[in-house]
Amino acid sequence: MPSIDPVTRDLWHVIAATDEIPVGQVETTLLLDTRIALTRDDTGNPVVWLRTNEEQGDEIDPETILDRLPAITGYGYIWTSLGSPPAELFPIPEYAEPDRVNMSCGSIGIHVSAPRAVENFLDMGHFPYVHTDILGAEPHTEVKEYDVEVSEERDEVLATRCRFFQPRAALSATEGMEVEYVYRVPHPFCSVLYKSSPEAPDRRDVIAIFLQPMTEERCRAHLLQSMIDSTSTITDLRRFQQTIFGQDKPILENQYPKRLPLDPRAETPIRADKSAIAYRRWLSQKGITYGVIPMAS
Ligand SMILES: [Fe+2]
């Protein structure tokens, strides 16, 4: 059993889409090499505990579960912790805007570490090759200069002024456009992306990826979309995002090593990797060792 560093132990970790957990029925999953079980009580609130002999689909009276792990709901998902988590999740203020369409877009198992999946999410360089004719197309392969900072105050990595030409930036896009991205990494295993909305040029669609670290080399990606789109159906918006992520999955699973090396010399840096370098350094400074190959000291 690998050791779980104290920072990772105390984080909130996503484990399931709230809607998908029936009241009084057991769901089982794996978090940080630990078998856990969850359900929802009569009021819909999540109940999470260390799994013993419960099986998926068992009926259970949540009132009988006394030894519970911390649980919270946020952004359409249930989160838990194996340690002492903060009072609240990281903020995504846009989620509360009344005219947005918020949706979970599925939970996808990937045979790679959670930090590798975050890093892929930050990388614009792969758009023309992996998401051909949707998020990128040749000859528009250049990743233009952008800014990266680590905000001390908010304790997050922030990449701004990221611009990329996209043939079909969103389901609502009718033509190719240069899209501006802002990336936040407000949690070691979660990233939030803001991109120009084709429907409302002065506002931004929000797409977030929340990774559930199951083991050091396996995770589940839980996707959130918070869109400004008055015409598409939720089914179509979900399908669009699932198509994109289905293209990423095989690329991610081919990454070697599956844990993320934090030594900046481990993989050749190019300009597109500026946000990746900041992310790796941030993980290193935090003392994260789960799902990464720490820097040799
Ligand atoms: Fe991708």
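Everything here concerns the structure above.
Bear in mind that the values here come from a model prediction, so they are computed numbers and not experimental data.

Caption draft 1: Spotlight on the overall build of the protein. Across its full length, the protein holds 5 helices and 15 strands. A principal-axis box enclosing the C-alpha atoms of the protein has dimensions of 60 × 55 × 35 Å. When the 297 residues of the protein are sorted by exposure, 53% land in the buried category. Sequence separation of at least 24 residues holds for 61% of the intrachain contacts in the protein that already meet a minimum separation of 6. Here the protein carries 29 positive and 46 negative side-chain charges, and the mean point of each set is 5 Å from the other.

Caption draft 2: Just the nonpolar core, in detail. Among the nonpolar cores identified, the biggest contains 48 residues, and Met124, Tyr183, Leu211, Tyr279 and Leu283 are the most heavily contacted of them. Among the secondary structure elements, those contributing two or more residues to this core are β7 (101–110), α2 (114–122), β9 (156–166), β10 (177–187), β12 (204–215), β13 (218–227), α4 (234–253) and α5 (274–286). Here Tyr183 is in contact with Phe121, Leu122, Met124, Phe127, Val157, Leu158, Ala159, Cys162, Ser191, Val192 and Leu193, once residues within four sequence places are set aside. Among the nonpolar cores identified, the runner-up in size contains 18 residues, and Trp12, Ile92, Val206 and Leu224 belong to it.

Caption draft 3: Geometry of the coordination of the iron ion. Protein coordination of the iron ion is provided by His126 (NE2), His131 (NE2), Asp248 (OD) and Asp248 (OD), with donor distances spanning 2.1 to 2.5 Å. For the iron ion, the 4 donor atoms in the first shell make angles of 57 to 154 degrees at the metal, a pattern classed as irregular. Sequence spacing among the residues donating to the iron ion works out to H-x4-H-x116-D. Of this pair, His131 sits in the loop between α3 (127–130) and β8 (147–151) while Asp248 sits in helix α4, and the two are 117 residues apart along the sequence. For His131, a relative accessible area of 1% gives the class buried. On the accessibility criterion, Asp248 (6% relative accessible area) is buried.

Caption draft 4: Highlighting the packing of aromatic side chains. With the rule as written, the count across this model stands at 11 aromatic pairs. A centroid spacing of 5.9 Å and a plane angle of 85 degrees characterise the contact between Trp79 and Phe90, whose relative ring orientation is edge-to-face. Of the two residues, Trp79 sits in strand β6 (residues 77–80) while Phe90 sits in the loop between β6 and β7, which places them 11 residues apart along the sequence. No difference in accessibility class separates Trp79 from Phe90, as the two residues are buried. The interplanar angle of 45 degrees and the centroid separation of 5.7 Å between the aromatic rings of Phe127 and Tyr181 together place this pair among those described as tilted. Here Tyr181 lies in strand β10 and Phe127 lies in helix α3, a separation of 54 residues in the sequence. Per residue, the accessibility class of Phe127 equals that of Tyr181, and both read buried. Connected via pairs of aromatic rings, a cluster forms that spans Tyr75, Tyr77, Trp79, Phe90, Tyr95 and Phe210. Above the plane of the ring of Tyr146 lies Lys274, whose end atom (NZ or CZ) is 5.3 Å from the centre.

Caption draft 5: Structural detail: the pattern of salt bridges. Scanning the model with the defined rule gives 14 salt bridges in all. Across the salt bridge formed by Glu97 and Arg100, the nearest N and O atoms sit 2.8 Å from each other. Take Glu97: its relative accessible area is 28%, and that puts it in the partly exposed class. Here Asp99 ties to Arg203 by a salt bridge, and the two come within 2.7 Å at their closest N and O atoms. Here the residue Asp99 occupies a position in the loop between β6 and β7, and Arg203 occupies one in the loop between β11 (190–196) and β12, the gap between them amounting to 104 residues. Residue Asp99 is classed as partly exposed on the basis of its relative accessible area, which comes to 46%.

Caption draft 6: Quick look at the state of the cysteines. Within this structure, the stated rule accounts for 0 disulfides. Cysteine Cys162 remains unbridged, with the sulfur of Cys190 as its closest cysteine sulfur at 19 Å. Residue class for Cys162 comes out buried when judged on its relative accessible area of 0%. Looking at the unpaired Cys190, the closest cysteine sulfur is the one in Cys219, lying at 11 Å. Judged by its relative accessible area of 0%, Cys190 falls in the buried class.

Caption draft 7: Spatial organisation of the sheet that holds strand β3 (residues 34–40). The 3 strands are arranged β2-β3-β4 in an open sheet whose pairing can be described as antiparallel. The open sheet has two edge strands with one neighbour each: β2 (27–31) and β4 (46–50). The mean inter-strand angle of the sheet, taken between neighbouring strand axes irrespective of direction, is 30 degrees. The sheet contact formed by β3 and β4 spans 5 bridges and is antiparallel.

The rules we used
- All chains use their own residue numbering, which begins from 1 and follows the written sequence.
- Local features in a predicted model are, by the rule used here, given only for residues with pLDDT of at least 70; side-chain atom pairs are given and counted only at 80 or more, and totals for whole chains, interfaces and linings are based on all residues.
- Values shown for side chains rest on all heavy atoms present in the structure; no hydrogens or waters enter the calculation.
- Strands are runs of DSSP state E lasting at least two residues, helices are runs of H or I lasting at least four, and both sets are numbered from the N terminus onward.
- In this scheme, a residue with accessible area under 20% of its type's maximum is buried, one over 50% is exposed, and one in between is partly exposed, where area comes from a 1.4 Å probe on protein chains only.
- The criterion used for residue contact is that any of the two residues' heavy atoms lie within 4.5 Å.
- Note that His is not counted, nor are the chain ends; the positive residues are Lys and Arg, and the negative ones are Asp and Glu.
- Note that the charge is assigned to NZ on lysines, CZ on arginines, CG on aspartates and CD on glutamates.
- In these notes, a set of buried Ala, Val, Leu, Ile, Met, Phe, Trp, Tyr and Cys residues joined through side-chain atoms within 4.5 Å is what counts as a nonpolar core.
- Note that water is not among the atoms used; donors are N, O and S atoms within 2.8 Å of the metal (3.2 Å for Na, K and Ca), so sites may look incomplete.
- A site with four donors is called tetrahedral when every donor-metal-donor angle falls between 85 and 135 degrees; four donors are called square planar, and six octahedral, when opposite donors sit more than 155 degrees apart and all other angles fall between 65 and 115; any other arrangement is irregular.
- Side-chain rings of Phe, Tyr and Trp (the six-membered ring for Trp) are treated as a pair once their centres are within 6.5 Å; stacked means planes under 30 degrees apart, edge-to-face means over 60, and tilted covers the remaining angles.
- In this scheme, the term charge over a ring applies when either NZ of a lysine or CZ of an arginine sits within 6 Å of the ring centre and within 35 degrees of the ring normal.
- What counts as a salt bridge is simple: a side-chain nitrogen of Lys or Arg found within 4 Å of a carboxyl oxygen of Asp or Glu.
- Any cysteine sulfur atom paired with another within 2.5 Å is treated as part of a disulfide.
- A pair of strands is considered paired only if DSSP assigns at least 2 bridges between the two.
- Working convention: axes come from line fits to C-alpha atoms, limited for helices to the stretch in contact. Angles between N-to-C directions cover 0 to 180 degrees.

So yeah, pure geometry; function would need other evidence.
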